[in-house]
Amino acid sequence: MLALFGIALGIIAIMAFADPAFLKGSNFRSMAFQFPEFGILSFGMMLCMISGGIDLSLVGAANLSGIVAAVVILSTGGSIAVGIAAALLVGAVCGLFNGYLIGQLQIPAMLVTLCGGQLFTGLGMAITKGPAITGLPEQILVLSNGTVGGVLPYALLLFILIALALGFLLKSTVYGQHLCLMGSNPTASRYSGINNLHVTLLTYMTSGILAAVSGILILSHYGSAKSDYGMSYTLLSLLIVVLGGVAPAGGRGRVSCVALSAVILQLISSAFNVLRFNSFVKTFVWGLLLVIVMVAQSVIQKEAYQFLNIRRKNYEKDHQQA
Amino acid sequence: MGRFLTRKNLTRNEMLVVYIIAALSLMIGAVNSAFFSMGTVIDTARSMLVTVIFALCEMAIIISGGIDVSFPAIACFSLYSTIAFMNAYHIDSVAFAFFFSGFLGLLWGALNAILIAKFRIPALIATLGTSSLASGAILVISGGKEISMIPPSVDALSQQFLFSVTNASGVKSSLTVFILLPAALCLLFHFVLRHTMFGRGIYAIGGDADAARIEGFNVFRTQCILYMAAGLIIGIAAITHAILMRNANPSNLMGSEMMVIAAVVIGGTRITGGHGSVVGTVLGVLLITLVSNNLIMLNVPNYWQTFAVGLIIVIGTSITSLRAKRIALSPKI
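Everything numeric here is computed off the predicted structure, so don't read it as measured data. (Residues numbered from 1 in each chain as written. Chains lettered and ligands numbered in written order. Predicted model: local features only at pLDDT ≥ 70, side-chain atom pairs only at ≥ 80, totals over all residues.)

J.: Explain the packing of helix α4 (residues 80-103) of chain A against helix α5 (residues 109-128) of chain A here, please?
T.: Two quantities define a packed helix pair, namely the angle between the axes and the distance from one axis to the other. Residue and element names in this part refer to chain A. In the contact formed by α4 and α5, the axes pass within 9 Å of each other and the chain directions differ by 150°. In the crossing of α4 with α5, the sense of the turn from one axis to the other is right-handed. Between α4 and α5, the residues in contact are Cys94, Phe97, Asn98, Leu101 and Ile102 and Ala109, Val112, Thr113, Gly116 and Phe120, respectively. Its residues placed into classes, the contact of α4 with α5 shows 7 nonpolar, 3 polar and no charged. (Axes fitted to C-alpha atoms, helices over the stretch in contact; angles between N-to-C directions. Helix = DSSP H or I, 4+ residues; strand = E, 2+ residues; numbered from the N terminus. Left-handed = near helix turned anticlockwise from the far one by under 90°. Contact = placed C-beta atoms within 7 Å. Nonpolar A, V, L, I, M, F, W, Y, C, P; charged D, E, K, R; others polar.)

This is the structure in structure tokens:
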């Protein structure tokens, strides 16, 4: 957590030195509008990863939800609330579909969500027939572009609220405890009376709903819906979650770290925009960061393991002498 | 003949895929009688060519308990860099093209090997990272533009055919010589996986890495060789793709990992590792290719195709996974 904070401050310091335009209020404002989209997706990824799985269908589910919302809004004549409700429902159904295949049929999460992503994207494409759905009422833009009292963007507020809710869910509810236990050892959790199927279904459903929220934000951001928006978000959300210290094998993860790491990636992304790198460089750097973070964690883990081993050996030696 | 027609053989996973392929072919043939012709065979073989090579590598990696989603990016990187390099230095040699592209693939494979075997990063995350690195790098280098000029002696290979057939309406279809490449690789993979200690080691690691280590297999070395060899073969497949397409595109293979993994899994390779066969994989690729090539013939509109392919993949992988689970849970004597 402290390390992440240090990284964030470091990036700001370097950028302030490289280009003072980075420190402008307008730059930070635009960041606050941008990162909730993929930050919320990362929370979905985080939940699935804590459960010992992974969700590669998030972007597909997000776009499908956005498309359904757009279609519903257009067909009901501009009723945004109904559209949002429909999107959330679609997200939940997508998540339940994944959860059922993973929890009940025991198909590996990676395979299910990889195929699920294709399925959701394909369904979205079938609904839109290819081009983006446009012509939505102006009010929809407010979600991503409006602010509370001119200071706090709605999207950021939503991000904070979701982060708080998830923090509560993981730390202080029975479900949160069950999720972590199942993630660290599914066999042990089953023998201790946890309904693994139930936990898996809930986890992927929540992840699907979060994808839908993000899908609505994307819809509101672009003012249109299409099946191939935000394709780079899959890798980005994985990177955020891994940088946020969630164990890829499952069982561990903190909302605050993931939220902070989403902010860090937005800082890096904005830094690239200020320095006028093109988006291909970003793809490269995201990959590089992912590899570096994973290698660093692997090395640290090995060191820690060796340290514990040495201590244990010393302990055993002392006791033998005694 | 009677020995093959046993209940066990007829209900094998490979046979299930054969039944589905037969049913699908009959369906397409019923709608469009032009389907049953030598031309279709040649076209299908042509579109399967590169996919089969990718699928063989993916299969070996999945058998070893890993997964590789970086091969489309590695392939794009290798083929584009090779063609760009040869154009820049006016090198016009077939051997150099294959050697250079294979070498670049090998380097990326080595990066995968280090991340997975040395640092023990989960294969999916490691190869996603590699994929992003390779794809980002080649897009920066190319600026997203494709090269349509291929050195002449390399380009001439695309016009070398094994044989040609002309159908009733005068359309000529020719089978490219490159079909020998996947054919040879199929035999090679089958031989290595079934009849060498290295191949049995791949199965052993996929079944249980700890058990394999205790049995005396060098897990680290097996994984390293596997990922590097896969990189090399992908580099060679990549330049083949460029020659057949007659251009070097930095991104048109991206996204094919989905289809390849699906084909491998439908062919009976277990995603959890330890099981899989070359025959099954080739059949899986054949099924996926038939579906994606012929949906238009079945009057499926263009915009439904991603969904239709996705649906078939979900159903296919679910069935094989469920069968694998049932076999794993069934009592063993």
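J.: Can you walk me through the interface of chain B and chain A in this structure?
T.: One widely used convention gives an interface's size as the accessible area the parts lose upon coming together. The interface is formed by 38 residues belonging to chain B together with 35 residues belonging to chain A. Among the elements of the structure, α6 (123-142), α12 (256-266) and α14 (305-329) of chain B are those that each provide at least two residues to the side of chain B that touches chain A. Top contributing element to the side of chain B that touches chain A by residue count: α6(B), with 14 residues. Residue composition of the side of chain B that touches chain A, grouped by class: 24 nonpolar, 12 polar and 2 charged.

J.: Which parts of the structure should I look at to understand the nonpolar core?
T.: The nonpolar side chains of a soluble globular protein tend to be buried, and buried together. With 191 residues, the main nonpolar core has A:Ala212, A:Leu239, A:Val258, B:Cys57, B:Ala60, B:Phe77 and B:Ile234 as its most contacted residues. No other element matches the 14 residues that helix α3 (residues 38-63) of chain B contributes to this core. A domain split of this core shows at least three residues from each of domain 1 (2-276) and domain 2 (281-322) of chain A. Setting aside residues no more than four positions away along its own chain, A:Leu239 makes contact with A:Leu265, A:Trp286, A:Leu289 and A:Leu290. (Core = buried A, V, L, I, M, F, W, Y, C linked by C-beta atoms within 7 Å. Buried ≥ 20, exposed ≤ 12 C-beta atoms within 10 Å, placed from the backbone. Domains from an automatic or database assignment.)

J.: Would you explain the domain arrangement of chain A in this entry?
T.: Residue and element names in this part refer to chain A. The assigned domain composition of chain A is domain 1 (2-276) and domain 2 (281-322). One C-alpha centre belongs to domain 1, the other to domain 2; they are set 30 Å apart. Contacts between the two partners involve 8 residues from domain 1 and, on the opposite side, 8 residues from domain 2. Elements with a minimum of two residues in the side of domain 1 that touches domain 2: α11 (233-243) and α12 (255-274). For the side of domain 1 that touches domain 2, the element with the highest residue contribution is α11, accounting for 5 residues. Across the side of domain 1 that touches domain 2, the residue classes break down as 6 nonpolar, 2 polar and no charged.

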